[in-house]
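Structural features, examined
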Amino acid sequence: MRLFVSEGAPGSLPVLAAAGRAQGREELLISTVGPEECVVPFLTRPKVPVLQLDSGNYLFSTSAICRYFFLLSGWEQDDLTNQWLEWEATELQPALSAALYYLVVQGKKGEDVLGPVRRALTHIDHSLSRRSCPFLAGETESLADIVLWGALYPLLQDPAYLPEELGALHSWFQTLSSQEPCQRAAETVLKQQGVLALRPYLQKQPLPSSFEGRAVSNEPEEEELATLSEEEIAMAVTAWEKGLGSLPPLRPQQNPVLPVAGERNVLITSALPYVNNVPHLGNIIGCVLSADVFARYSRLRQWNTLYLCGTDEYGTATETKAMEEGLTPQEICDKYHAIHANIYRWFNISFDIFGRTTTPQQTKITQDIFQRLLTRGFVFQDTVEQLRCEHCARFLADRFVEGVCPFCGYEEARGDQCDKCGKLINAIELKKPQCKVCRSCPVVKSSQHLFLDLPKLEKRLEEWLGKTLPGSDWTPNARFIIRSWLRDGLKPRCITRDLKWGTPVPLEGFEDKVFYVWFDATIGYVSITANYTDQWERWWKNPEQVNLYQFMAKDNVPFHGLVFPCSALGAEDNYTLVNHLIATEYLNYEDGKFSKSRGVGVFGDMAQDTGIPADIWRFYLLYIRPEGQDSAFSWTDMLLKNNSELLNNLGNFINRAGMFVSKFFGGCVPEMVLTPDDRRLLAHVTLELQHYHQLLEKVRIREALRSILTISRHGNQYIQVNEPWKRIKGSEADRQRAGTVTGLAVNIAALLSVMLQPYMPTVSATIQAQLQLPAPACSILLTNFLCTLPAGHQIGTVSPLFQKLENDQIESLRQRFGGGQAKAPPKPAVVEAMATAGPQQIQVLTDEVTKQGNIVRELKAQKADKNQVAAEVAKLLDLKKQLALAEGKPLETPKGKKKK
């Protein structure tokens, strides 16, 4: 066989990818020809790609060539794939040809390019979402996937033309683009020029006639309404008419919550936040808030749900923070555990348990897992080269060392990771290392440690992943991270540290060591549950009945998807392992990054002081949730989303619907006589509600929020078109129409209040109180749109839900918390005790006190924000305290203000 392709010819992309999949099945020669070369003797115009078969026959249709290669691979044809290929030829290609022509030949950008193809992209996204499959025709990649990927790649390889809100399309496209045959095809055809490589080809094509003079529309909703089948409309109306009577009884509440045989038992964890600092917005959206949305949704579905979290309290970070603040590790844990709990309480996080890892149960369960691993031969001893501070007379854990990064030269790299380049570091690799306690230069010495033999457990892990991943909701980044670790081969991992603050190692000769926090932190979920109920094993040793969802940022994936599963599989004690690992990308802050260690960004306790309600923070963080790619918090964007989506869209609709009932019908829901248009609206709302369910069942949290806003937009359009405020003044028929529109609108508002509950629980409860929504309807969300406020229902007092955010208010907040905060003063050397401080250390602290005093004086002279001044004063007092300790002086008692 001989395949003829051409650089810059779009059709060459899918055929090369398909050929790559079939490599080795038959001998294939690939020839690159010029775009003007005729390779099919009986065609009058040049045509590529072309496949010349050994029989002498030619295939010159892109989909036919791809089909041939797939059939060589043993693929079996199916109707759904054929439907997709027909759609690609008749619907996608005309739209895509126009978009590429506008972009490459005419130099247009933005919506001019995206407009023609937006509807097609949305169709693919909805199809992937509703089928709940990773590929177009099922669980495995098909001919349709390669043909559509090849068609779309030139446009979508530019992220500007892959809309953020189309998450299913995004995941599908990234999955295929990361495969080797597809990558090779793209390199061959586009030659690193991107879409511009297609210019010579497209310049020879006529202006796509199907799009000449066509207005670009961004409103596909009306067309979607027109395509609803009569059966869909009839089913929606039937469900609507059943009303409250179709709601099942509420699940009885348990305390403690325990698995129930025959029910869907959902165990939800969010990554345990380190206790050493205040969580920032990225931490909050990455784990606790995302998990909270899913937990609240699970309860609305009447699933038996337990949601737990807690503070991760052992390890180097805690010891370091304790030294910085002059407290014991236990005092630091108590202080910051309370801070975390208060922040999550303010954000309305609905934990069933918020515990901590410094408990006897943590010690007992961790040591039991360790002993089981040890007796089964999965732990061994080895010597490790470590940095030891002779001045402090101890080995230094990673975070007790700072130095110059060996990769990028950053001068304040930690002993475990560089904050600048992000690379992981072995502390002994640091250049010019310094002990963070005394600033002396440590030396390299040997120490005995214990290792988890991951290579021995690799086969078990592979088998478990092979059973778990198909059909699961592991996010694509989590799958990729675990596969990349396995591709490189697992290496033994050290599970002990030379620290005092941690879970003790129950082994002779290791009495002065503790378990490394990455080994026992994930066991914290188990011990937190054990502190909640003595029947904890019904959750954690019950994989047959329990569905475990774990939420985290992507940097935590290896510990949850690899280390803990290996430990549990090696322990051979029937532990429940993660079924669905949900990992976000990173949330950035304005033009920079959050940094817990360097205090950059908005932190949880700061959000409380802005005067902006917690539900607004929840909404915005969930609206920009980094699903599929990094996203950024922006004060300006927060203002826009609040004022457009919440105030003008959602709040406007719900307030109008309620006010019409109050103003025109005395607060009593009027009779509703549905017209064909009303019935179609019911069906469309039902369809969007079902899409919301499909997305949340797959934990596509950000996308599901769009469904709420879409229904609200339809509600606003419905009111605007029907004008009940005018009809109420007209004839009897007009007044009846006004009643129907008002009754249907207020029922949509009631539905939105329940759909909102996982996202904005306080706003949800406020709407339900205003509408006097019956209790069962507040706690259960079915997949059909029901009439929950029938004619005659009396609503309460209606008032606005949201307030406008003003530019000057947001600008003030930006300055206060700001994308470019003032650089923090250099950190002083930490003083462990009076005896360790010499003249050099005292001089360093004296200089720092002087510098910080100048900063405070300058801020006061500039009449800076009180909170900013207070923060700098607190730093000054802390430095003075450290200086007094270093000089051996008694600490001064803070002076109180004199009473006037």
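Higher on the page you've got the structure.
In this report, we go over the structure that sits alongside the text. This structure is a prediction, so every number in the text was calculated from the model and none was measured. (Residues numbered from 1 in each chain as written. Predicted model: local features only at pLDDT ≥ 70, side-chain atom pairs only at ≥ 80, totals over all residues. Heavy atoms only, no water.)

1. Focus: the pattern of salt bridges
As a reminder, the rule being used: Whenever Lys or Arg places a side-chain nitrogen within 4 Å of a carboxyl oxygen from Asp or Glu, that contact is recorded as a salt bridge. In this text, helices come from DSSP runs of H or I with a minimum length of four residues, and strands from runs of E with a minimum of two, each type numbered from the N-terminal end. Classification of residues uses two cut-offs on accessible area relative to the type maximum, computed with a 1.4 Å probe and protein chains only: under 20% is buried, over 50% is exposed, and between them is partly exposed.
Throughout the structure, instances matching the rule amount to 35 salt bridges. The salt bridge involving arginine 299 is made with aspartate 352; its shortest N-O contact spans 3.1 Å. With arginine 299 in helix H11 (residues 281-300) and aspartate 352 in the loop between helix H13 (329-346) and strand S7 (353-356), the pair connects residues that are 53 residues apart, well separated along the chain. What makes arginine 299 partly exposed here is its relative accessible area of 26%.

2. Some details on empty space enclosed by the protein
What counts here: Every definition here rests on a 1 Å grid over the protein atoms only: cavities are sets of points where a 1.4 Å probe fits but cannot get out, pockets are open sets enclosed by protein on both sides within 12 Å along at least five of seven lines, and lining residues have some atom within 4 Å of a point. Grid points are joined across faces, edges and corners, and a volume is the space filled by probe spheres set on the points. Under the grouping applied here, Gly and all other residues not named as nonpolar or charged are polar, the nonpolar ones being Ala, Val, Leu, Ile, Met, Phe, Trp, Tyr, Cys and Pro and the charged ones Asp, Glu, Lys and Arg.
Counted by the stated rule, this structure contains 3 cavities of 30 Å³ or more. Reported here for the largest cavity is a volume of approximately 120 Å³. For the largest cavity, the full set of lining residues is Leu247, Ala750, Leu751, Val754, Ala777, Ile780, Leu781, Leu782, Asn784, Phe785, Leu786 and Thr788. Of the residues assigned to the lining of the largest cavity, the class counts are 10 nonpolar, 2 polar and no charged.

3. What about the sheet that holds strand S3 (residues 50-52)?
Sheets are built from strands paired through backbone hydrogen bonds, the pairs being either parallel or antiparallel. This is how the line gets drawn: Any two strands are treated as partners once DSSP identifies two or more bridges connecting them. Contacts are assigned to residue pairs with any non-hydrogen atoms lying within 4.5 Å of each other. Under this scheme, a helix contributes an axis fitted over its contacting stretch, all axes are lines through C-alpha atoms, and angles between N-to-C directions fall in the 0 to 180 degree range.
Taken together, 4 strands build an open sheet; the order of strands is S2-S1-S3-S4 and the sheet is mixed. Only two strands of the sheet have a single neighbouring strand rather than two, namely strand S2 (29-32) and strand S4 (58-59). Where S3 lies against S4, 2 bridges are found, and the strand directions are antiparallel. Each bridged residue has a counterpart across the sheet, and for glutamine 52 the counterpart in S4 is tyrosine 58. Of the strands in this sheet, strand S1 (2-5) and S2 are in contact with helix H1 (residues 12-21), which crosses S1 at around 150 degrees. Here helix H2 (residues 62-72) sits on the sheet in contact with S1, S3 and S4, set at roughly 50 degrees to S3.

4. A look at the layout of surface pockets
Taken as a whole, the second largest pocket holds about 1500 Å³ of empty space. Along the wall of the second largest pocket there are 47 residues; nearest its centre are Thr175, Trp474, Thr475, Pro476 and Arg479. Secondary-structure elements contributing two or more residues to the lining of the second largest pocket are helix H4 (111-131), helix H6 (167-177), helix H15 (454-468), helix H16 (476-487), strand S18 (580-584) and helix H25 (701-722). In terms of residue class, the lining of the second largest pocket is built from 16 nonpolar, 17 polar and 14 charged.

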